[in-house]
Amino acid sequence: MKLTGLRARDIRFPTSRQMDGSDSLNVGDYSATYVTLETDGPLVGHGLTFTNGRGNEIGVAAAKALGPLLVGRSLEEITADLRGFYRRLTQDPQLRWIGPEKGIMHMATGAVVNALWDLWARREKKPLWKLLADLTPQQIVDAIDFMWITDALTPDEAVAILERNTATKAAREAEMRAKGFPAYTTSTGWLGYPDEKVRRLCREAIAQGWTFFKMKVGQDLEGNLRRAALMREEIGPGRVLAMDANQCWDVPEAIRQMASLAEFDPWWIEEPTSPDDVLAHRAIADALAPIKVATGEHVQNRVVFKQLLQAGAIDVVQIDACRVGGVNENIAILLLAAKFGVPVCPHAGGVGLCELVRHLSFFDYAAVSASMDGRVIEWVDHLHEHFTDPAAVVGGRYLAPAQPGFSAQLREETLSRYVYPDGPVWTEGVA
């Protein structure tokens, strides 16, 4: 099967109209740099990276720039050397200058890499998580670029981590098919929602079986205290409440705010400060324990994750399916987290992140961590209807994906209506 073309489209949803996704620093229109890999056969690979409106056109341009590096090659050639494929995209001697392995170039790489894995999973007629789980430990490790991380994780150590769980893998796969994977909801706690809407959404979520909630916090301490009191009152003392600052504090302010918010028993504080500041996260973690510190959705690559883990700066790793270099690099991060004994609770929401990241958590439990202790996947109840294989949660647990592929395919009607700037949602101003 030969790759004959790469198409990248600018897809945007007007989520800012209802303040969906609003937090301390971000209010936007959820968007996707949507990539399709065309072949000389009937199969097409689908991938995306999530952005927030303006600037998505830059992701589209970056994805198109990667096309010449893989068009004309066969799927069999690529899957026989997955590390080489990854390095071809990330270490191009010209494109890497606008990275390397960070920023919009790396996010576009994630979309392309994910589209390739989607294509492979479709050919094998397996959901992506099952394709990964069925690979041997050596095949998994051969997909990873270990450049810059062997001081924390070597290929031999990675193989050993995977081999220790091989004998019991089938039982965990059966468990996930039967019971799913634990989730938490952010849909009740967006910063721009009025109080009565938050109350209503909390009550609806409890009725649906949710036990783990997250709220957004910002720079206004009094507002944070009021909203935390509201949410704790609604969900009661027996359910979990996490908080997310979306990078809006420096170190002293993070410590000051969380010292006051501690009375509401937060499970973690997410993104308390700049995602690149390893030492700041360590200082905050030291000051706030036993409140956990979580980050990852804006961490640029495996190297920064390595440093956060080496420094003991985070208690929860929050991978993103698209922020880093797609499946290959996320496998490396899962293995780093396993090496350091830190649970992975993926970031989701946005456009397609719930659909994609569930595959990575199902693979993590099946083959890497072999544990659900302290592990949950984020759930945001927006935009799932636009996907051909939408994520589903029942009773606060993700159901196991069953369709072949990586679940990234958008419906044709969605692609025509929401393409920017020419789709009718944008030209006519109607949803």
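See the structure above.
Residues numbered from 1 in each chain as written. Predicted model: local features only at pLDDT ≥ 70, side-chain atom pairs only at ≥ 80, totals over all residues. Heavy atoms only, no water.

### Considering the overall build of the protein
Along its length, the protein carries 17 helices and 12 strands. The C-alpha atoms of the protein give a radius of gyration of 21 Å, which matches the 22 Å a tight globule of 431 residues would have. The dimensions of the protein, computed from C-alpha atoms along their principal axes, are 60 × 55 × 45 Å. The long-range share in the protein, meaning contacts at least 24 apart out of those at least 6 apart in sequence, stands at 74%. When the accessible area of the protein is evaluated, it comes to approximately 15800 Å², of which 51% is carbon and sulfur surface. In the protein, 45 positive and 55 negative side-chain charges are present, and the distance between their average locations comes to 3 Å. (Helix = DSSP H or I, 4+ residues; strand = E, 2+ residues; numbered from the N terminus. Rg over C-alpha atoms; globule rule 2.2 N^0.38 Å. Contact = heavy atoms within 4.5 Å. Areas by Shrake-Rupley, 256 points an atom, 1.4 Å probe, with all protein chains shown as cover. Lys, Arg positive; Asp, Glu negative; His and termini not counted. Charge placed at Lys NZ, Arg CZ, Asp CG, Glu CD.)

### Digging into helix H10 (residues 221-235)
Given a rise of 1.5 Å per residue, 15 residues ought to cover 21 Å, and the 21 Å separating the end C-alpha atoms of H10 matches this to within 8%. Elements in contact with the buried residues of H10: helix H9 (195-207), strand E5 (212-216), strand E6 (240-244) and helix H11 (251-261). Two or three places before Glu-222, at the opening of H10, Asp-220 has a side-chain oxygen 3.2 Å from that residue's backbone nitrogen. With its phi angle positive at about 80°, Gly-236 sits one or two positions after the end of H10. (Expected span 1.5 Å × (residues − 1). Polar contact = N/O pair within 3.5 Å; in protein donor to acceptor, adjacent residues only side chain to side chain.)

### Regarding the environment of His-298
Structurally, His-298 is set in the loop between strand E8 (292-295) and helix H13 (302-310). Remark: the alpha-carbon pair of His-298 and Ala-61, spanning 237 residues in sequence, is separated by 21 Å. Ignoring sequence-local partners within four residues, the contact set of His-298 consists of Gln-247, Glu-271, Pro-275 and Arg-323. In terms of polar contacts, His-298 uses its side chain to reach the side chain of Gln-247, at 3.1 Å.

### Here we look at the sheet that holds strand E2 (residues 31-39)
Within a sheet, each strand pairs with its neighbour through backbone hydrogen bonds, oriented either parallel or antiparallel. Strand order in this open sheet of 3 strands is E1-E2-E3, and the pairing throughout is antiparallel. Two strands close off the open sheet at either side, each with one partner strand: strand E1 (3-12) and strand E3 (45-51). In this sheet, neighbouring strand axes are inclined to one another by 15° on average, regardless of whether the strands run parallel or antiparallel. Where E1 meets E2, 9 bridges bridge the pair, whose relative direction is antiparallel. Directly across from Leu-3, in E2, lies its bridge partner Thr-39. Contacts between helix H1 (residues 56-66) and the sheet are confined to E1, E2 and E3, with E1 contributing the most and set at about 175° to the helix. (Pairing = 2+ DSSP bridges. Axes fitted to C-alpha atoms, helices over the stretch in contact; angles between N-to-C directions.)

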